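# Chains, contacts and geometry: an overview
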Amino acid sequence: MTVDEFRKTMADAKYIPAGSELHLVFHAFSQEALRITAELNGAYHTPEEVRSLMSKLTASEIDESFGLFPPFHTDCGKNTQIGNRVFINAGCQFQDQGGITIGDDVLIGPQTIIATLNHDPDPDKRGGMFAKPVVISNKVWLGARVTICPGVTIGKGAIVGAGAVVTKDVPPCTVVAGVPARVIKQI
C-alpha cells in the first residue's frame, strides 16, 4: 500500500480489526518510523538535516520555517501534515495513524502527546482500533505536557494550558486548561 493509499484508507476507516491488512501496514510504517526517529534522536543535526529527516518521516515536504527540538517520537509518521512556521519542542509523541493535521504558526510545547487511535473496549477484540483524526488549527499554542485525545479539533488561535488533557473540541480564540480541559477564558 502506498502512503497516499494509506492516508485515503485511514481517512475513510472507522474501525481497524486487529491483524487486518491495514493493521499490518501500520506495523510496516512503524518500522520505518523507528529507524528515522532513531537517526533523528541519536545525534545532533542541523535544522536543515532535521527538516530532511522529518520530510522522510512524514513523506511530505517540510517547509524551511519548521523547527523541532529532538527527541521526537511517532509510531507511524506517514499521516501527519505540518504547516508553515511550526515549532515542536522536545519530547513530543505523535500517534498519527488516524491523521494529525497541524496548521500554520503552531507552537507545540515539550512532551506533548497527540493520539488518534482508541482500542476496542470489548476485551475479546481489544487489539482492534478506532481511528479519529486530530486537527490543530492555525496559530494554536499547546503548552508543555498537553495530551490531545483522538477526534479533537483545536480551533484557530486557541491556547491549551500546560498539562491539560483535551477530550473535546476547543473553540477558536479560547484558553483551555485542566484535566479534562475546560474553557478558562476567551482571547
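Residues numbered from 1 in each chain as written. Predicted model: local features only at pLDDT ≥ 70, side-chain atom pairs only at ≥ 80, totals over all residues. Heavy atoms only, no water.

## Observations concerning the packing of aromatic side chains
By the definition in use, this model includes 5 aromatic pairs. Centroid distance Phe6 to Phe29: 5.0 Å. Interplanar angle 65°. Geometry classified as edge-to-face. You can see Phe6 sitting in helix α1 (residues 3-12) and its partner Phe29 sitting in helix α2 (residues 21-42), a full 23 residues away along the chain. Seen in terms of ring centroids, Phe72 and Phe94 are 5.0 Å apart; in terms of plane orientation they differ by 85°. Their pairing is edge-to-face. With Phe72 in strand β3 (residues 72-74) and Phe94 in strand β6 (residues 92-95), this residue pair connects regions lying 22 residues apart in the sequence. Given a relative accessible area of 2%, Phe72 falls into the buried group. One aromatic cluster is present, formed by Phe6, Phe26 and Phe29 through successive ring pairs. (Phe/Tyr/Trp six-rings, centres within 6.5 Å; stacked < 30°, edge-to-face > 60°. Helix = DSSP H or I, 4+ residues; strand = E, 2+ residues; numbered from the N terminus. Buried < 20%, exposed > 50% of the residue type's maximum accessible area, 1.4 Å probe, protein only.)

## Description of the nonpolar core
Inside soluble globular proteins, nonpolar side chains tend to come together where they are buried. Among the nonpolar cores identified, the biggest contains 36 residues, and Met54 and Ile154 are the most heavily contacted of them. Those elements that place two or more of their residues in this core are α2, α3 (47-58), β6, β7 (100-102) and β12 (134-136). Per-element accounting of this core gives the leading share, 4 residues, to α3. Setting aside chain neighbours within four positions, we find Ile154 in contact with Val135, Ile136, Ser137, Val140, Ile148, Val160, Val166 and Val170. Counting residues in hydrophobic clusters, the runner-up holds 13 residues, among them Ala13, Leu22, Phe29 and Leu117. (Core = buried A, V, L, I, M, F, W, Y, C linked by side-chain atoms within 4.5 Å. Contact = heavy atoms within 4.5 Å.)

## Notes on the sheet that holds strand β19 (residues 182-186)
Taking strand neighbours across the sheet as the criterion, the 7 strands line up as β2-β5-β8-β13-β16-β18-β19 in an open arrangement whose pairing is mixed. In this open sheet, the two strands that pair with only one neighbour each are β2 (67-68) and β19. Here β2 pairs with strand β5 (residues 87-88) via 2 bridges, running parallel. Residue Gly67 lies in a different strand from β5, and its bridge partner there is Phe87. (Pairing = 2+ DSSP bridges.)

## Section: the packing of α1 against α2
A pair of packed helices is characterised by two quantities: the angle between their axes and the separation of those axes. Interhelical geometry of α1 versus α2 gives an angle of 130° and a closest axis separation of 12 Å. Compared by their axis directions, α1 and α2 come out oblique. You can see that α1 and α2 cross each other, and the crossing is left-handed. Touching Val3, Phe6, Thr9 and Met10 of α1 are Leu22, Val25, Phe26 and Phe29, all from α2. (Axes fitted to C-alpha atoms, helices over the stretch in contact; angles between N-to-C directions. Parallel < 35°, antiparallel > 145°, perpendicular 65-115°, else oblique. Left-handed = near helix turned anticlockwise from the far one by under 90°.)

## What to know about unusual backbone geometry
For the bond from Pro70 to Pro71, the omega torsion is 5°, close enough to zero to count as cis. At the junction of Val179 and Pro180, the peptide bond is cis and its omega measures out at -10° in the coordinates. Checked against the element boundaries, Pro180 lands in the loop between β18 (174-177) and β19. Positive phi, normally seen in glycine, also occurs at Arg85, with a value near 55°. Mapped onto the fold, Arg85 is located in the loop between β4 (80-82) and β5. What makes Arg85 partly exposed here is its relative accessible area of 43%. With a phi angle near 60°, Arg145 is a residue other than glycine that sits in the positive phi range. Of note, Arg145 is situated in the loop between β13 (141-142) and β14 (147-148). Arg145 sits in the exposed class, given a relative accessible area of 55%.

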